[in-house]
Amino acid sequence: MSGAKGGARAVREDRLWQRHADMAKLGGTAKGGVNRQALSAEDAAARNLLASWAHARGFSVFTDAIGNLFVRREGADATAVPVMSGSHMDSQPTGGRFDGMYGVLAAFEALEAMEDAGVKTRRPVIAVAWTNEEGSRFQPGAMGSAVFAGRYALDDMLAAKDWEGIALRDALASTLAAAPAPMRPGKPGFAVAGYVEAHIEQGPRLENEHKTIGVVTGIQGSRRYIVQVDGEEAHAGTTPRAARKDAFAAATRMAAAMYAATADEGDTLRFTIGRVEVHPGSPNTVPGRAGFTIDLRHPSDEILEAQEKALHEIVAREAAPCAARIERVTNVAPTDFDPAVIDLVRARAKALKLPSMDMPSGAGHDAMHIATLCPAGMIFVPCERGISHNEIENATPGDLAAGTRVLVAVLEELANR
Ligand code: GLV
Ligand code: MN
Ligand code: MN
């Protein structure tokens, strides 16, 4: 790679691409994506594969009490606070091969490239795979990084249950039994000197503007809610309308009012109902219970606050003759990344002659929590048509390698400070 210095010149596009292909077999789906949900057998298999690659390169591997998996390459000063890079290996139920996995494999490739180029950094450099970023099986998402940063309490997270009622504590124990790694004692979290996460953009801007590198300036705020409606089960054939307490009918009135209330003119507010449950789920029984999730995002916390009020009002207004409540399960304020890290990403992309643009992130990432601990930033690369959270998610080997070259150059700089 012309212009590349240090470990960046040793980034191997073929190796990085092959590692994505190897990981994609774990939970691989017929449509070419992955179903590798947090703390599943497939997640354990991915942990074992990453650890086996790490051992083969002589890097040390350890985990912590929430199951975050760390791969460490030593620096010249073993006592220096490390720099870190990574993302997540869990996926959506119909996920793609790159969301999260790219950030883990780019970080691992960075370690390998530094090794191959004989680069010695002052600080250790750690590649990390955070537990349960997606939050589709266990809520809340970005859990491992939030516990690491001290934003969520470990015990609360261990008590979380999936949609089948399985406790995270038990799923984590099975995962760590299937993918054992030395346990770092005590509560998760240690000092970090800097954090940079690589990720596919998950939107269409880089591709549309023919840029290879997104210099990520921040992440919009996000909140998640669960709405629960309680009605009364009744016979579908005999019960007149006036006598029904149909929980699903009330839920659909709420949903319709919420879609209308959140349709802002500038199309900035993001409102999604992604999961609906109707009980007892029998065609000829009036539903006695209905529940749905809400994912709400906007760059302004004030707007999220105002929208939350509106959601509460809608639930109260549309509930009768049923009873209903709305509960907030996640509230992550907007993140502004560190200006010096942003500048460094932009400068290294330029030095590598890669076209870049500044952009905020619409998706949430583990970096939003680690940014509360240390200077942090992110590097985006394009994905095909901006499609993500979809089995057809795709990216090119060249773009993945380009983002990794920028990552190595940035990590080297941070690790020598
Ligand atoms: C992570 O996938 C998110 O929901 O933004
Ligand atoms: Mn992700
Ligand atoms: Mn995702």
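Residues numbered from 1 in each chain as written. Chains lettered and ligands numbered in written order. Predicted model: local features only at pLDDT ≥ 70, side-chain atom pairs only at ≥ 80, totals over all residues. Heavy atoms only, no water.

A. Representation of the coordination of the manganese ion (ligand 3). Each protein donor to the manganese ion (ligand 3) is listed here as D99 (OD), E134 (OE), E134 (OE) and H389 (NE2); together their distances run 2.1 to 2.4 Å. Taken in chain order, the donor set of the manganese ion (ligand 3) reads D-x34-E-x254-H. Between the manganese ion (ligand 3) and the manganese ion (ligand 2), a spacing of 3.6 Å is present, and a bridge between the two is formed by D99. Residue E134 is found in the loop between β4 (125-130) and α4 (143-148), and its partner H389 is found in the loop between β16 (376-381) and α12 (397-415); the two are separated by 255 residues along the sequence. Accessibility expressed as a relative area gives 40% for H389, which makes it partly exposed. (Donors = N, O, S within 2.8 Å, 3.2 Å for Na, K, Ca; no water. Helix = DSSP H or I, 4+ residues; strand = E, 2+ residues; numbered from the N terminus. Buried < 20%, exposed > 50% of the residue type's maximum accessible area, 1.4 Å probe, protein only.)

B. Spatial organisation of the domain arrangement of the protein chain. Domain annotation for the protein chain reports domain 1 (2-220 + 334-415) and domain 2 (221-332). Each of domain 1 and domain 2 was reduced to a C-alpha centroid, and the two centroids are 34 Å apart. Between domain 1 and domain 2, the residue contacts involve 15 residues of the former and 16 residues of the latter. Interface area for domain 1 against domain 2, summed over the two sides, is near 1100 Å², with a carbon-plus-sulfur share of 52%. The largest per-residue losses of area from domain 1 upon contact with domain 2 belong to W163, Q220 and P334, which jointly make up 53% of the total buried on that side. (Domains from an automatic or database assignment. Contact = heavy atoms within 4.5 Å. Buried area = accessible area lost by both parts, 1.4 Å probe.)

C. View of the pattern of salt bridges. Evaluated as defined, the whole model comprises 27 salt bridges. Among the salt bridges present, the one from R47 reaches D43, with a minimum N-O distance of 3.0 Å. Here R47 and its partner D43 are both found in helix α2 (residues 41-56), four residues apart, which amounts to about one turn of the helix. Since its relative accessible area comes to 5%, R47 is described here as buried. Among the salt bridges present, the one from D162 reaches R137, with a minimum N-O distance of 3.0 Å. Remark: R137 occurs in the loop between β4 and α4 and D162 occurs in the loop between α5 (154-158) and α6 (168-178); sequence separation between them is 25 residues. Residue D162 shares its accessibility class with R137, and that shared class is buried. A single salt-bridge network, built from bridges that share partners, covers R15, R19, R57, E109, E112 and D116. (Salt bridge = Lys/Arg side-chain N within 4 Å of Asp/Glu carboxyl O.)

D. Local environment of helix α1 (residues 13-24). Between its first and last C-alpha atoms α1 spans 17 Å; for 12 residues at 1.5 Å apiece the expected length is 16 Å, and the two agree. Those residues of α1 that sit buried are R15, L16, R19, H20, M23 and A24. Summarising the contacts, the buried residues of α1 are in contact with α2, α3 (101-116) and α12. (Expected span 1.5 Å × (residues − 1).)

E. Fine view of the coordination of the manganese ion (ligand 2). On the protein side, the manganese ion (ligand 2) has H88 (NE2), D99 (OD) and H199 (NE2) as donor atoms, found 2.0 to 2.3 Å from it. When the donor residues of the manganese ion (ligand 2) are listed from N- to C-terminus, their spacing reads H-x10-D-x99-H.

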